[in-house]
Amino acid sequence: MTKFESFAALHVPGKPLVLFNVWDAGSAKVAERAGASAIATGSASVATAHGVNDAEGLPIALALANAERIVAAVELPVTIDFEGGYATDEESLSANLAALAATGAVGCNFEDQVIGGEGMHGVAVQAGRIAAARRGAGTDFFINARTDIFLQAKPDTHDVAKADAAIERAHAYAEAGASGFFVPGLADLDLLAKVCAASPLPVNFMAFPGAPSAKAVAEAGVARISHGPFPHMLALKAFEDAARAALAE
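Residues numbered from 1 in each chain as written. Predicted model: local features only at pLDDT ≥ 70, side-chain atom pairs only at ≥ 80, totals over all residues. Heavy atoms only, no water.

## Observations regarding the side chain of Asp81
Right, so step 1: Among the secondary structure elements, Asp81 is positioned in strand E3 (residues 78-81).
Right, so step 2: As a buried residue without a salt bridge, Asp81 has its nearest oppositely charged side chain in Arg146, at a separation of 4.9 Å.
Right, so step 3: Separated by 3.0 Å, the side chain of Asp81 and the backbone nitrogen of Ser43 make a polar contact.
Right, so step 4: Filtering out sequence-adjacent residues up to four positions away, Asp81 remains in contact with Thr41, Gly42, Ser43, Asn109 and Glu111. (Helix = DSSP H or I, 4+ residues; strand = E, 2+ residues; numbered from the N terminus. Buried < 20%, exposed > 50% of the residue type's maximum accessible area, 1.4 Å probe, protein only. Lys, Arg positive; Asp, Glu negative; His and termini not counted. Salt bridge = Lys/Arg side-chain N within 4 Å of Asp/Glu carboxyl O. Polar contact = N/O pair within 3.5 Å; in protein donor to acceptor, adjacent residues only side chain to side chain. Contact = heavy atoms within 4.5 Å.)

## Comments concerning the environment of Val22
Right, so step 1: Within the element layout of this structure, Val22 appears in the loop between strand E1 (17-19) and helix H2 (25-33).
Right, so step 2: As for Val22 and Ile70, which are separated by 48 residues in sequence, their C-alpha atoms are 9.2 Å apart.

## Re the pattern of salt bridges
Right, so step 1: A complete count under the given rule lists eight salt bridges for this structure.
Right, so step 2: Between Glu240 and Arg244 there is a salt bridge, with the nearest N and O atoms lying 2.9 Å from each other. With Glu240 and Arg244 both in helix H10 (residues 230-248), this residue pair falls four residues apart, about one helical turn.
Right, so step 3: Taken together, the salt bridges that share partners define one network made up of Glu111, Arg146 and Asp148.

## With respect to the packing of aromatic side chains
Right, so step 1: Enumeration over the complete set of coordinates arrives at three aromatic pairs.
Right, so step 2: Their ring planes at 85° and their centres at 5.3 Å tell us that Phe7 and Phe142 sit as a pair that is edge-to-face. With Phe7 in helix H1 (residues 3-9) and Phe142 in strand E5 (residues 142-146), this residue pair connects regions lying 135 residues apart in the sequence.
Right, so step 3: Take Phe7: its relative accessible area is 0%, and that puts it in the buried class.
Right, so step 4: Plain terms: the ring middles of Phe82 and Tyr86 are 5.4 Å apart, the flat faces sit at 45° to each other, and that makes the pair tilted. (Phe/Tyr/Trp six-rings, centres within 6.5 Å; stacked < 30°, edge-to-face > 60°.)

## A few points about the packing of helix H7 (residues 160-176) against helix H8 (residues 189-198)
Right, so step 1: Close contact between H7 and H8 brings their axes to 10 Å; oriented N to C, the two are set at 25°. The pairing of H7 with H8 is recorded here as roughly parallel in orientation. Along this stretch, H7 crosses H8, giving a crossing that reads as right-handed. Residue-level contacts link Val160, Ala163, Asp164, Ile167 and His171 of H7 to Leu191, Lys194, Val195 and Ala198 of H8.
Right, so step 2: The residue makeup of the contact of H7 with H8, split by class, is six nonpolar, one polar and two charged. (Axes fitted to C-alpha atoms, helices over the stretch in contact; angles between N-to-C directions. Parallel < 35°, antiparallel > 145°, perpendicular 65-115°, else oblique. Left-handed = near helix turned anticlockwise from the far one by under 90°. Nonpolar A, V, L, I, M, F, W, Y, C, P; charged D, E, K, R; others polar.)

## So, the nonpolar core
Right, so step 1: Judged by nonpolar contacts, the single largest core of 60 residues is most densely connected at Ile39, Leu100 and Leu192.
Right, so step 2: Sorting elements by how many residues they give to this core places H7 first, with seven residues.
Right, so step 3: The contact partners of Leu192, leaving out residues within four places of it in the chain, are Val183, Leu186, Val203, Phe205, Val217, Ala220 and Val222.
Right, so step 4: Counting seven residues, the second-largest nonpolar core is a separate cluster that includes Phe7, Leu19, Ala40 and Val106. (Core = buried A, V, L, I, M, F, W, Y, C linked by side-chain atoms within 4.5 Å.)

## Comments concerning the sheet that holds strand E2 (residues 39-40)
Right, so step 1: Across the sheet, which stays open at both edges, the eight strands sit in the order E1-E8-E7-E6-E5-E4-E3-E2 with parallel pairing between neighbours. Of all the strands in the sheet, just E1 and E2 have a single pairing partner and so form its edges.
Right, so step 2: Of the strand pairs in this sheet, E1 and strand E8 (residues 224-226) are connected by three bridges, and their pairing is parallel. Considered in E8, the bridge of Leu19 is made with Ser226. (Pairing = 2+ DSSP bridges.)

Quick look at the structure:
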């Protein structure tokens, strides 16, 4: 079984793959040592670690170099948060995904928000972008298609209509060649279960402080749980606390 196949097989609804997101080769080795089944980066964490802003503030050359170092540091399959693919036109997207696949990564997150703009790409536009990404990355690469429907709306506005809009995108993204469907920001268990039941793709939930438990989201049908920027935030908080204590002595 290839790394692509073993990574895809880890996505089991009700028994989700847990990804404790890393930001560099060192943190990847720690996650591997802790018992991770796969390694995933978080774009915000990688950007912060490099002293720049998220939303593709990290130059693509650095993003690719960081991915290559992580892949070389661990034995596990690695998936990279590649944000919007660092391009809007399909030809450049294909080229950028080919470059990412060449690092040895087995997958990526690919989001539908408009980087550097407002809102989200239309369903048809984003489906075209996913198809272009698939052409560049190859047939086995795991494209985790992220929708920002729930991140761009306050939690108290999350409703059946937004869930239905997400389901529409899940089907369109699957037809375009996506491998998984990521719904960060969605924490309502009933709506999450609705999306999981209707999605043709395995669904990825993002854990965060105060979110439903891993057990609860697994019971909703989630196949993957990631932790986004929060592991890096915890690490920085521990570093800052220790630094303050040392400098105060």
